[in-house]
Amino acid sequence: MGLTINILNPIQVPENIPIKVYDIPPAPEKGMFLDIPVDVGPQYEGQRVRREAMFVEFGGPKLKHKFELVRVKMNPEEVDDGKVIVVGEDINELKRGGTYPLAIILEVYGRGLDLNAEGVIERRVHEFCNYVQGFMHLNQRYDIWLRVADKSYSRGLTSFKYVGTVLYRLFRSAFPMIEKMQITFVTNEEVVEKLFDQALKVYEARDARIFGLRDEDVDLFYSCRLCQSFAPTHVCIITPERSANCGAITWIDAMMSAKIDPKGPIAPIQKGKLLDPIRGEWEGANEAVRKLSGGSIQRVTLYSAFDYPHTSCGCFECVTFYVPEVDGLGIVQRGYAGVTPVGLKFGDIADSAGGGKQIPGFYGLGVLYMRSKKFLQADGGWNRIVWMSSELKERLLDVIPQELRDKIATEKEAKTIEDLKKFLIERKHPLAIKITEKPAVEKVVEKPVTVTPKEEEKVEEVISIPEIPISMGGISFILKNVKIRAEKIVIKRTEERK
């Protein structure tokens, strides 16, 4: 009899697809991971495996079907404890340099667990996978991207049984309420595709639980430091109306995480005094980011992409980019392979926004936040959005205001800035008036001013700026304590010509 995988509805694995079942042995007495062929520990969090150094990769932007999912079972008989199951080819059976689909399914049972714990356990897969030397894990849910380093493969990391063993032992150690766990890795494309749609429905059902709860209704927000191994100054502030940038942790998930793992990366914070209801600035949130970022971030607003914007790590589902020519924002999701009207791809924009920086206009966010009534309310909300990828727009069509649905461009209507300007004017977008306004023509009269050597010394330092962020071509620079000096000053008198 073949294997049945049950996420929402049972799916029978075809008999022609190979299935391997491994038993997880007891951990060695002298060390939990002495039987793993590579080193294991938190020191490897944040590791990167470059393409030229990898053996194989799974998921990533090239493939649609990939995901990781945790399912809490109410009946202990549904979980075969201590089993690692591989459906399809194992690591050592794959072609070097290839890219393959992947589903990671953790089924757990515990008398103190319910469905609200699924997202909490699931988000730690990212952390624990990165404990394995040479096994890179990025992102979450349906955006996962994993690579096996060639060096680690050569040292014996040739099977998912080792990865499963590490996950099992770490989860059982970190979450004592987990009494049983089995882990399934699926690399067969046909099976992953069948399971994918069911996984999406589970994510949607989880997210729906937070709808209707407002930031004003609670006393506690939550901070998340899960991604600080990749971005040391980044701190996520999770509220009912602003879920984590990764899209995988809602306020309810964060609350559950803090309860079942009080020493973990997610902790409650008193939101404190409301300093700005429009931009979403709270005294408690400021104190949290100041402390947890080591003082690098002093203030944060939750409803603006411009004024002390929320920082980003790199795991965000989507990212905004500022289009100065129209004073609007574009949004692109992870996995979009095209070029935006500003000439940058997702990866280029993500490089500018990520790393725990506050770059006005470049702002990582989750899809769920775009369904919030507080979505960028300080910046004009949906009225400020001028461009989205067509896939993302279609996904969010039900929350985009009816009067704006045909006024936000996609790659089908606007591939360049000029295309975008034309589209916004023709469709009468709220920002179109700024495009059609003719700038004042200046009459410039130059009057050079001779500066004596003594005076020149006094005015040599023209301006001092604490920090200037510069982003271009996917590379970000931050110039700190900038001082601009000039050998000559030209004073111009301008007259406005109407």
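Being a predicted model, the structure only gives us computed values, none of them experimental. (Residues numbered from 1 in each chain as written. Predicted model: local features only at pLDDT ≥ 70, side-chain atom pairs only at ≥ 80, totals over all residues. Heavy atoms only, no water.)

Observations concerning the overall build of the protein
Rules: Comment: elements are numbered from the N terminus, with helices defined as DSSP H or I runs of at least four residues and strands as E runs of at least two. Only protein chains enter the accessibility calculation, which uses a 1.4 Å probe; a residue is then buried when its area is under 20% of its type maximum, exposed when over 50%, and partly exposed in between. Throughout, a residue-residue contact means that at least one pair of heavy atoms, one from each residue, lies within 4.5 Å. Surface accessibility in these figures is a Shrake-Rupley result with a 1.4 Å probe; residues are shielded only by whichever protein chains are displayed.
What the protein contains, in helices and strands, is 11 helices and 24 strands. Counting across all 498 residues of the protein, residues that qualify as buried make up 53%. Within the protein, contacts between residues at least 6 apart in sequence are counted, and of these 72% link residues at least 24 apart. Carbon and sulfur atoms make up 51% of the accessible area of the protein, which totals about 23400 Å².

Let's talk about empty space enclosed by the protein
What counts, and what does not: A cavity here means a set of points on a 1 Å grid, drawn over the protein atoms and nothing else, where a 1.4 Å probe fits but cannot get out; a pocket is an open set with protein on both sides within 12 Å along at least five of seven lines, and a residue lines either one if it has an atom within 4 Å of a point. Grid points are joined across faces, edges and corners, and a volume is the space filled by probe spheres set on the points. Residues were grouped as follows: Ala, Val, Leu, Ile, Met, Phe, Trp, Tyr, Cys and Pro as nonpolar; Asp, Glu, Lys and Arg as charged; and all remaining residues, including Gly, as polar.
In this structure the tally under the stated criterion is 3 cavities of 30 Å³ or more. Considering only enclosed or pocket space, the largest cavity measures out at about 80 Å³ in volume. Lining the largest cavity, in full, are Arg-123, Cys-224, Leu-226, Cys-227, His-234, Cys-236, Ala-244, Asn-245, Cys-246, Ile-249, Cys-313 and Cys-315. Of the residues in the lining of the largest cavity, the class split is 9 nonpolar, 2 polar and 1 charged. The computed volume of the second largest cavity comes to approximately 40 Å³. Forming the walls of the second largest cavity are Gly-119, Val-120, Arg-123, Arg-124, Cys-224, Leu-226, Ile-249, Ser-257, Pro-265 and Ile-266. Tallying contributions element by element places helix α1 (residues 118–129) first for the lining of the second largest cavity, with 4 residues. Grouping the constituent residues of the lining of the second largest cavity by class yields 6 nonpolar, 2 polar and 2 charged.

A few points about the environment of Gly-134
Structurally, the position occupied by Gly-134 is in the loop between α1 and β9 (135–138). Taking the relative accessible area as the measure of exposure, Gly-134 reaches 8% and is therefore buried. Between the C-alpha atoms of Gly-134 and Leu-157, which are 23 residues apart in sequence, the distance is 8.8 Å.

What about unusual backbone geometry?
Excluding glycine, residues mostly have negative phi values, and the peptide bonds linking residues are mostly trans. A positive phi is found at Asn-139, a non-glycine position, where the angle reads about 70 degrees. Checked against the element boundaries, Asn-139 lands in the loop between β9 and β10 (145–149). Even without glycine at this site, Lys-428 takes up a positive phi of about 60 degrees. Structurally, the position occupied by Lys-428 is in the loop between α9 (417–426) and α10 (432–436).

Let's talk about the sheet that holds strand β12 (residues 220–224)
For clarity, the threshold we go by: Here a strand pair is declared whenever DSSP counts at least two bridges between the two strands. Helix axes are fitted only over the stretch in contact, all axes being lines through C-alpha atoms; the angle between N-to-C directions runs from 0 to 180 degrees.
Ordered by their spatial adjacency, 3 strands build an open sheet running β13-β12-β14, and the pairing between neighbours is antiparallel. Each edge of the open sheet is held by one strand with a lone partner, namely β13 (236–238) and β14 (266–270). Taken over all neighbouring pairs, the strand axes of this sheet differ in orientation by 35 degrees on average, direction set aside. Here β12 pairs with β13 via 3 bridges, running antiparallel. The partner of Ser-223 across the bridge, within β13, is Ile-237. Packing against the sheet, helix α5 (residues 251–260) makes contact with β12, β13 and β14, and its axis sits at approximately 75 degrees to β12. Contacting β12, β13 and β14, helix α6 (residues 283–292) crosses the sheet at an angle of about 135 degrees to β14.

Digging into the nonpolar core
Here is the rule: Take the buried Ala, Val, Leu, Ile, Met, Phe, Trp, Tyr and Cys residues and link them wherever side-chain atoms come within 4.5 Å; each set so joined is a nonpolar core.
Membership of the largest hydrophobic core comes to 53 residues, with the highest contact counts inside it found for Met-370 and Trp-382. It is α5 that provides the largest number of residues to this core, a total of 4 residues. The contact partners of Met-370, leaving out residues within four places of it in the chain, are Cys-318, Ile-331, Leu-365, Phe-375, Trp-382, Leu-392, Leu-396 and Val-399. Core analysis: the second largest hydrophobic core is formed by 49 residues, Val-70, Val-108, Ile-178 and Ile-183 among them.

Some points on the pattern of salt bridges
Worth spelling out the cut-off: Whenever Lys or Arg places a side-chain nitrogen within 4 Å of a carboxyl oxygen from Asp or Glu, that contact is recorded as a salt bridge.
Evaluation of the coordinates by the stated rule reveals 27 salt bridges. Taking the shortest distance from any N to any O, the salt bridge between Glu-93 and Lys-20 comes out at 2.9 Å. On the criterion of sequence distance, the pair formed by Glu-93 in the loop between β6 (83–87) and β7 (99–100) and Lys-20 in strand β3 (residues 19–23) is long-range, its members being 73 residues apart. Under the relative-accessibility criterion, Glu-93 is labelled partly exposed at 41%. A salt bridge links Asp-207 to Arg-141; the nearest nitrogen and oxygen atoms lie 3.0 Å apart. Of this pair, Asp-207 sits in helix α4 (residues 189–208) while Arg-141 is found in the loop between β9 and β10, placing the two residues 66 residues apart along the sequence. Residue classification places Asp-207 among the buried positions, given a relative accessible area of 13%. Each of Asp-276, Arg-279, Glu-281, Arg-299 and Asp-307 takes part in a single network of salt bridges with overlapping partners.

A few points about the confidence of the model for the protein
For the record, the criterion: pLDDT runs from 0 to 100 and stands for how confident the predictor is about each residue.
In this model, the protein carries an average pLDDT of 88, and 87% of its residues clear a pLDDT of 70 or more. Per-residue pLDDT, averaged within each element of the protein, yields its smallest value for helix α11 (residues 453–459) (44) and its largest for strand β11 (residues 180–186) (98). In this model residues 449–468 is a low-confidence stretch, pLDDT under 50, and it forms 34 contacts with partners more than four residues away in sequence or in other chains. Within the model, pLDDT remains below 50 along residues 471–477, and this stretch shows 15 contacts once partners closer than five positions in the same chain are excluded.

Observations concerning the side chain of His-310
Rules: The term polar contact refers here to a pair of N or O atoms within 3.5 Å; inside protein, the definition further demands a hydrogen-donor-capable atom paired with an acceptor-capable atom, and it admits residues adjacent in sequence only when both atoms are side-chain atoms.
Relative to the elements of secondary structure, His-310 occurs in the loop between α6 and β17 (318–323). A relative accessible area of 2% means that His-310 is categorised as buried. Side-chain polar atoms of His-310 contact the backbone nitrogen of Ile-237, separated by 3.0 Å. When residues no more than four places from it in sequence are discounted, the contact partners of His-310 are His-234, Val-235, Cys-236, Ile-237, Arg-242, Asn-245, Val-300, Thr-301, Leu-302 and Tyr-363.

Here's the deal with α4
In plain terms, the rule: Multiply 1.5 Å by the residue count of a helix minus one, and that product is the helix's expected span. Two axes enter the bend calculation: one fitted to the seven residues ending at the residue in question, the other to the seven starting there, and the bend is the angle between them.
The terminal C-alpha atoms of α4 lie 29 Å apart, and with 20 residues this matches the ideal 28 Å at 1.5 Å per residue to within 8%. Most pronounced at Phe-196, the bend in α4 amounts to some 30 degrees. Buried within α4 we find Val-191, Val-192, Leu-195, Phe-196, Gln-198, Ala-199, Val-202, Tyr-203, Arg-206 and Asp-207. The N-cap of α4, judged by a side-chain oxygen 3.1 Å from the amide nitrogen of Glu-190 a few residues on, is Asn-188.

A short note on the pairing of β12
Most of β12 is tucked away: 4 of the 5 residues are buried. Across 5 bridges, the pairing between β12 and β14 is antiparallel. Counterpart to Ser-223 in the pairing with β14 is Ala-267.

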